[in-house]
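Okay, here's what each chain looks like letter by letter:
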Amino acid sequence: MTPNVLALYALVALTVALAVGYLGRYTIPRPPVGRMVGADIAVMVTALVVLPFAYLHVPAGVVVSIFGLVVLTLAQLTLAPVLGGRWAMITALALCAADVAAYLAGLPLALLVVNDALLILLVVGVVNLWAQAAVTPAQIAALAAALTVYDTLATGMSSLTADFVQRMQGLPFAPVLATSHGPNPSLIGLGDCLMLSVWPVVALRAYGKAAAWAAAGLEAVLLAASIAFVLTGGRPMPLLTVLGPLIVAQWLYWRRWLARTTPPPARPLIDRALQVANADAPAGVWVALSPSGTPVAEGATPGLARREARLSGAKEPPVVWRLQE
């Protein structure tokens, strides 16, 4: 069991590395849906919570067909910038066909390898699509917090996740990254892979390399702890129960760090108005400034300040500020 668990650790690390490496090198073609907003996060959480319940009561053939269509689409989108549209579709179709053929031929090792390759492509594609849709660290933190509650209930306190994985185990397009099946499988769910991969990417875009390396390092420690837990306890660990709060804590830290280290924005007109207030004019006076920041007139109201500016011969429309104490 130990070699299988260590191989799974390596596959997860490879998935995260590919997701980060893909960022900035390739742009996935996507529909013009704009930026990701809070409602999109709510929809994703609802889908992730509801779908396992639905799939437990839907025929296996329907579940495989749905996952197969999703995997084919995302694999083609992920490969398109690398291979070109036509070759990306051919490669995605070949991988999906190989997954089904391995299942029908009763080749579990081939099924495992092809399914893992497809899942890694899916994770890399989804993570970079989210990044292109300008998903924010706050949105990922909210998603992580919601999934923490769900994973604690579904994996740690009930058999929902175990029942779902057991049903999908050994089928093509199973939403798990696995190195072995059977009585003691070594696998990790799609949701765990997505959250492990998306946070370093979002941290890199929002906060820089230091945040991305810190995220990767903390995830490596968490995965090592989860492996030790599985090997010693013999039961699955609800990874998001720990990963979710870890992502939220990093978001809070880096947000505060960014606010502390970012210099205030340049405000030449406001700064000039404050200089005038300190030097020449009493508080409450409206000062008309030229676009270059030179005071051209004063007035008790904005209208009077603009009128005085016109009478003074100002050639360009002034910017008017009210001086405060």
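No experiment lies behind these values; they were computed from the predicted model shown.

J.: Any chance you could explain helix α3 (residues 60-83) here in plain terms?
T.: At 3.6 residues per turn, the α-helix brings residues three or four places apart onto the same side. Under the 1.5 Å per step criterion, the end-to-end length of α3 is 33 Å for 24 residues, consistent within 8% with the ideal 34 Å. Of the residues trailing α3, Gly84 is marked for its positive phi of about 95°.

J.: What is the right way to read the pairing of strand β1 (residues 176-180) from this model?
T.: Residues in a regular strand project their side chains so that they alternate between the two faces of the sheet. Counted residue by residue, β1 has 5 buried out of 5 residues, so it is predominantly covered. Relative to strand β2 (residues 186-189), β1 is paired through 4 bridges, and the arrangement is antiparallel. Across the sheet, residue Leu177 finds its bridge partner in β2, namely Ile188.

J.: Even after reading the chapter, I still don't get the confidence of the model for the protein chain, so can you show me in this structure?
T.: Detailed reading of predicted coordinates is not advised where the pLDDT is low. Averaged over the protein chain, the pLDDT score is 78; the fraction of residues at 70 or greater is 74%. Ranking the helices and strands of the protein chain by mean pLDDT puts helix α4 (residues 85-105) first, with 90, and helix α11 (residues 268-279) last, with 53.

J.: I'm lost on the packing of aromatic side chains in this one. Help?
T.: Two aromatic rings are characterised by how far apart their centres lie and by the angle between their planes. Applying the stated rule across the entire model yields 4 aromatic pairs. A ring pair is formed by Tyr22 and Tyr26, whose centres lie 5.1 Å apart and whose planes are at 50°; its orientation type is tilted. Overall, the relative accessible area of 33% leaves Tyr26 in the partly exposed class. Each member of the aromatic cluster is reached from another via a ring pair, and the members are Tyr207, Tyr253, Trp254 and Trp257. Directly above the aromatic system of Trp251 lies the positively charged group of Arg255, at a separation of 4.7 Å from the ring centroid.

J.: I'm lost on the environment of Leu14 in this one. Help?
T.: Looking at where Leu14 falls in the secondary structure, it is placed in helix α1 (residues 2-22). Classification of Leu14 as partly exposed rests on a relative accessible area of 41%.

J.: Is there a simple way to explain the side chain of Asn115 in this structure?
T.: Inspection of the secondary structure puts Asn115 in helix α5 (residues 108-132). The class of Asn115 is buried, set by a relative accessible area of 7%. For Asn115, the side chain forms a polar contact with the main-chain oxygen of Ala174, separated by 3.0 Å. When near neighbours in sequence (up to four residues on either side) are disregarded, Asn115 contacts Asp99, Leu171, Pro172, Phe173, Ala174 and Val176.

J.: Whenever I open this one, the nonpolar core confuses me. Can you help?
T.: By size, the foremost hydrophobic cluster in this structure holds 72 residues, and its most contacted members are Trp130, Ile140, Leu177, Ile188, Met195, Leu196 and Trp199. With 13 residues, α5 is the largest single contributor of residues to this core.

J.: I keep staring at unusual backbone geometry and nothing clicks. Help me out?
T.: What is expected of a backbone is that most residues other than glycine have negative phi and most peptide bonds are trans. With a phi angle near 65°, Phe173 is a residue other than glycine that sits in the positive phi range. Looking at the element boundaries, Phe173 is found in the loop between α7 (160-168) and β1. Residue classification places Phe173 among the buried positions, given a relative accessible area of 8%.

J.: Hey, could you run me through α4 in this one?
T.: With 21 residues, α4 should cover 30 Å at 1.5 Å per step; its first-to-last C-alpha distance of 30 Å lies within 8% of that length. Inspection of α4 places Ala88, Ala92, Cys96, Asp99 and Ala102 among the buried residues, and these make up the whole buried set. Projected onto a plane normal to the axis of α4, the buried residues spread over an arc of 125° and lie on a single side. Summarising the geometry of α4, the exposed residues directed more than 90 degrees from the buried face are Arg86, Trp87 and Leu104. Considering only its buried residues, α4 is in contact with α3 and α5. Downstream of α4 by one or two residues, Gly106 has phi in the positive range, about 70°.

J.: Whenever I open this one, the side chain of Thr179 confuses me. Can you help?
T.: If you trace the backbone, Thr179 turns up in strand β1. Note on Thr179: relative accessible area 15%, which makes it buried. Beyond its immediate chain neighbours, meaning those up to four positions away, Thr179 contacts Asn4, Val5, Ala7, Leu8, Leu11, Leu112 and Ser186.

J.: Help me understand the packing of α5 against helix α8 (residues 190-207) in this model?
T.: At a minimum axis distance of 9 Å, the contact between α5 and α8 shows a crossing angle of 40°. Put simply, α5 runs oblique to α8. Read as a crossing pair, α5 and α8 show a hand that is right-handed. Residues Leu119, Leu122, Val123, Val126, Val127, Trp130 and Ala131 of α5 touch α8, and the partners they reach there are Leu190, Cys193, Leu194, Ser197, Val198, Val201 and Arg205. Broken down by class, the residue content of the contact of α5 with α8 amounts to 12 nonpolar, 1 polar and 1 charged.

Cut-offs applied
- Residues numbered from 1 in each chain as written.
- Predicted model: local features only at pLDDT ≥ 70, side-chain atom pairs only at ≥ 80, totals over all residues.
- Heavy atoms only, no water.
- Helix = DSSP H or I, 4+ residues; strand = E, 2+ residues; numbered from the N terminus.
- Expected span 1.5 Å × (residues − 1).
- Buried < 20%, exposed > 50% of the residue type's maximum accessible area, 1.4 Å probe, protein only.
- Pairing = 2+ DSSP bridges.
- pLDDT = per-residue confidence, 0-100.
- Phe/Tyr/Trp six-rings, centres within 6.5 Å; stacked < 30°, edge-to-face > 60°.
- Lys NZ or Arg CZ within 6 Å of the ring centre and 35° of its normal.
- Polar contact = N/O pair within 3.5 Å; in protein donor to acceptor, adjacent residues only side chain to side chain.
- Contact = heavy atoms within 4.5 Å.
- Core = buried A, V, L, I, M, F, W, Y, C linked by side-chain atoms within 4.5 Å.
- Arc of directions from axis to C-beta.
- Axes fitted to C-alpha atoms, helices over the stretch in contact; angles between N-to-C directions.
- Parallel < 35°, antiparallel > 145°, perpendicular 65-115°, else oblique.
- Left-handed = near helix turned anticlockwise from the far one by under 90°.
- Nonpolar A, V, L, I, M, F, W, Y, C, P; charged D, E, K, R; others polar.

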